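Overview (structure and organization)
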Amino acid sequence: MCGICGFTGTINDSGGALKRMTELITHRGPDSDGFYQDENISMGFRRLSIIDLQDGDQPVYNEDRTLVLTFNGEIYNYRELRKELEELGHSFYTKTDSEVLVHGFEEWGEKLLDRLRGMFGFAIYNRKDGSVFLARDFFGIKPMHYMEVNGHFVYGSEIKSLLAFPGYKKRFNEKALDNYLSFQYVVPPETFYEGINCLLPAHYLWYRDGRIAIKRYWEPRFRPDESMTEEEAVAKIEEVFENSVEAHKISDVEVGCFLSSGVDSSWVASYFSGQKAFTVGFGEAERYNEISWAEGVAKEKELDHYTHLITAEEFWNALSGVQYFMDQPLADPACIALYFVSKLASERVKVVLSGEGADELFGGYRIYHMPDSNSRYQKIVPAFLRRAVGAVMAHMPDFRGRDFLVRASRPLEDVFIGNASMYNLKEKKKLLKRPELATNPSRTCRPVYDRVKDYDDVTKMQYLDINLWMVGDILLKADRMSMANSLELRVPFLDREVFRVASTIPRRLRVTGGTTKYAMRKAAERHLPKATAEKPKLGFPVPIRVWLREEKYYQIVKEEFTSEAAARFFHTEELLKILDRHYQQKEDTSRKIWTIYMFLVWYRTCFRRDYTGKKEAGSEQPLANSGR
């Protein structure tokens, strides 16, 4: 795993600028750096050595050195591709997976992407015509950002590299705040920085003759085979997942795994007998502490198990540093837990496997039961009455059952925006100093839904989560929190071959009346205790609801809510109402509080930070360090 950055053209002190940009992502690759520069381009690279430890430095070249590659990721079928390319006459000078990309691009051009199995974000520069080619993997496991500044095309694995490019004037993109408040993350390709974009998953970009051209090369389409039996589905899932885990374990360094109490990571861990596994938790309550349950799986599978109990003080002290590494605010509390488990693992291994992606591919979230629940209600209650009840409930304080009555009164496309849904249009207008910026979050989702009009509602939800939630939240925090600790995180569920099978599983074998991920759980049950395979999903539970009712943390958040930055964007009296309702136990508004609080911590830590190496007036250094 590595980090890349670069820019076209020449500027004053191009070498110094490139070095500063590259140093800012040292945490992505502390083992070595590498550079390529000519009159047309400057390319930087940081390396975390995983494969071909001796000769795997980058940039990497083709035979006549007309193509220059920098690459972040892993290609799991690189040995097969190398053999094919050698038979076609290509000569290799390293044993890395990286070199497969440069020869493969020379041979097949853009069609190389159709042959890859892996996670990647890479740049290839053609010295003959001056063109630059960027590509991002199928699901968005690895990041890629880009911008144009004064005729220069600038790109990088992380936004902080781009911010250090001379000539870029940092400007806050207030429009991004609208979607962030609803989704709890910045919906790509937008970012909080004007002019900086995120290259979407399964897309490639050409920069030629001063112009950007972007194209999607793959799409995760579901094509259920309704004739498939349960036994066939279970067997196919088991076979393809075992194959994926073995492919993802390819490495020249030791590989470990994350282990929670859930079926996803437990199934991954079942293939790691005698190897290292890592778990973190909070406090003593089982709801927030998965360690004891994970220890049972570790003992069953004879894992070398390492654990850490995160204290409240540790958690809160890490927030500023976590947002620094995130580059953009993320209000998912699990990202802090992921930071700590990555830190724990990085002390002993360089690579871990984790369970991200299983829920989106196989139908694992509890909210995927919503279409069935709505259907039963809609059969009993006439449409006009449902609409009237939903309209009234939308204006009521939160209580058990309210959200169901609101959702069941409307079409799926108007109510489901993904796994996180924080502030609606009315709430945003009330909060924002510029209410005209507020939009209905369903408007953002509509183009995604439009591509799958013929899907059933459960599959529509999965498709939306794969394209929005998984990219903006799940994979963003997985990459940033592992890389903050110089740890490579691999996700065997998010494999093209695994998706090929998952896309054919009938809806009835994904989400049933009693469970989620039904067929996948049955496949996992062949390797795990039945109780683990059937355990309901918890995610990465974090006790923010409890902490925000303690005086100490209530006061910390209150101070942020009454700050100058808060007053710039929000009506602070409304923020305090939300905070006090939770503190006084009138309503659980913890996630809404956290969404605003994380934005303000990020703004204080990152946006007011000068990435040329100095602090802007009033800015603060992040609390966490930049590596292990």
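Residues numbered from 1 in each chain as written. Predicted model: local features only at pLDDT ≥ 70, side-chain atom pairs only at ≥ 80, totals over all residues. Heavy atoms only, no water.

**Quick notes on the overall build of the protein**
- In terms of helices and strands, the protein carries 27 helices and 17 strands.
- Relative to its full complement of 628 residues, the protein shows a buried share of 63%.
- Relative to all contacts within the protein whose residues are 6 or more apart in sequence, the contacts with residues 24 or more apart total 72%.
- For the protein, the computed accessible surface area is about 23,900 Å², with 47% contributed by carbon and sulfur atoms. (Helix = DSSP H or I, 4+ residues; strand = E, 2+ residues; numbered from the N terminus. Buried < 20%, exposed > 50% of the residue type's maximum accessible area, 1.4 Å probe, protein only. Contact = heavy atoms within 4.5 Å. Areas by Shrake-Rupley, 256 points an atom, 1.4 Å probe, with all protein chains shown as cover.)

**Here's the deal with the packing of aromatic side chains**
- The tally for this structure, following the rule as stated, stands at 65 aromatic pairs.
- On the numbers, 6.0 Å between centres and 45° between planes, the contact of tyrosine 36 with tyrosine 125 is tilted. Taken together, the residues tyrosine 36 in strand S2 (residues 32-37) and tyrosine 125 in strand S6 (residues 118-126) connect sequence positions 89 residues apart. Each of the two residues, tyrosine 36 as well as tyrosine 125, counts as buried.
- When the ring centre of tyrosine 324 is taken as reference, the NZ or CZ atom of lysine 160 above it lies at 4.9 Å.
- Above the ring of tyrosine 423, the side-chain terminus of lysine 592 is found at 5.4 Å from the ring centroid. (Phe/Tyr/Trp six-rings, centres within 6.5 Å; stacked < 30°, edge-to-face > 60°. Lys NZ or Arg CZ within 6 Å of the ring centre and 35° of its normal.)

**What about unusual backbone geometry?**
- In this chain, glutamine 58 is followed by proline 59 through a cis amide linkage whose omega measures 5°.
- Along the chain, proline 188 connects to proline 189 via a cis peptide bond; the corresponding omega equals 15°.
- Tracing the chain through its elements places proline 189 in the loop between helix H5 (175-183) and strand S10 (197-198).
- Positive phi is not limited to glycine here, since alanine 202 has a value of about 60°.
- The topology assignment puts alanine 202 in the loop between S10 and strand S11 (203-208).
- For alanine 202, a relative accessible area of 0% puts it in the buried group.
- Positive phi, close to 55°, is recorded for serine 486, a residue that is not glycine.
- With respect to the secondary-structure elements, serine 486 resides in the loop between helix H19 (457-483) and strand S17 (488-490).
- By relative accessible area, serine 486 is classed as buried at 3%.

**Section: the side chain of aspartate 359**
- Here aspartate 359 is to be found in helix H12 (residues 358-362).
- Taking relative accessible area as the criterion, aspartate 359 reaches 4% and is therefore assigned buried.
- When residues no more than four places from it in sequence are discounted, the contact partners of aspartate 359 are Asp264, Gly364, Tyr365, Tyr368, Lys517 and Lys537.

**Quick notes on the pairing of strand S8 (residues 145-149)**
- The buried fraction of S8 is high, at four of five residues.
- With antiparallel pairing between neighbouring strands as the criterion, S8 and strand S9 (residues 152-156) make up a hairpin whose turn holds two residues, including asparagine 150 at a positive phi of roughly 50°. (Pairing = 2+ DSSP bridges.)

**Brief notes about the packing of helix H10 (residues 319-326) against H19**
- Contact geometry for H10 and H19: axes closest at 9 Å, N-to-C directions at 110°. Looking at the two axes, H10 sits roughly perpendicular to H19. In this structure, H10 contributes Val322, Phe325 and Met326 to the contact, and H19 contributes Leu476, Lys477, Arg480 and Met481.
- Across the contact of H10 with H19, the residue classes break down as five nonpolar, no polar and two charged. (Axes fitted to C-alpha atoms, helices over the stretch in contact; angles between N-to-C directions. Parallel < 35°, antiparallel > 145°, perpendicular 65-115°, else oblique. Nonpolar A, V, L, I, M, F, W, Y, C, P; charged D, E, K, R; others polar.)

**Some details on the nonpolar core**
- Counting residues in each nonpolar core, the largest one holds 199 residues, and the members touching the most others are Phe122, Phe315 and Phe570.
- If you tally residues by element for this core, the top one is H19, at 14 residues.
- If we ignore the near neighbours within four places in the chain, the residues touching phenylalanine 315 are Phe282, Ile310, Pro333, Ile336, Phe340, Val542, Ile544, Trp547 and Trp594. (Core = buried A, V, L, I, M, F, W, Y, C linked by side-chain atoms within 4.5 Å.)

**Some remarks on the packing of helix H11 (residues 334-346) against H19**
- For the pair H11 and H19, interaxial distance at closest approach is 8 Å and the crossing angle is 35°. Note on packing geometry: the crossing formed by H11 with H19 is right-handed. Between H11, through Ala334, Cys335, Leu338, Tyr339 and Ser342, and H19, the contact on the second element is made entirely by Lys477, Ala478, Met481 and Ser482.
- Here the residues of the contact of H11 with H19 are counted per class, giving six nonpolar, two polar and one charged. (Left-handed = near helix turned anticlockwise from the far one by under 90°.)

**Some words on the sheet that holds strand S7 (residues 132-136)**
- The strand order S4-S5-S6-S7-S11-S12 describes an open sheet built from six strands, whose pairing is antiparallel. Only two strands of the sheet have a single neighbouring strand rather than two, namely strand S4 (60-61) and strand S12 (211-216).
- By the bridge criterion, nine bridges tie strand S5 (residues 67-75) to S6 in an arrangement that is antiparallel. Looking at the pairing, phenylalanine 71 lines up with phenylalanine 122 of S6.

**A look at helix H27 (residues 590-607)**
- Between its first and last C-alpha atoms H27 spans 24 Å; for 18 residues at 1.5 Å apiece the expected length is 26 Å, and the two agree.
- Where burial is concerned, most of H27 is hidden: 16 out of the 18 residues are buried. (Expected span 1.5 Å × (residues − 1).)

**Here's the deal with the environment of proline 411**
- In this structure, proline 411 sits in the loop between helix H15 (402-407) and helix H16 (412-415).
- It is 9.7 Å that separates the C-alpha atoms of proline 411 and aspartate 457, two residues lying 46 residues apart in sequence.

**Digging into the pairing of S11**
- Across the six residues that make up S11, a large majority, five, are buried.
- Note that S7 and S11 share four bridges and pair antiparallel. In the sheet register, alanine 135 faces S11, and the bridge partner there is tyrosine 204.
- Across six bridges, the pairing between S11 and S12 is antiparallel. Counted as the bridge partner of arginine 208 is arginine 211 from S12.
- What sits between the antiparallel neighbours S11 and S12 is a turn of two residues, in which aspartate 209 has the positive phi angle 55°.

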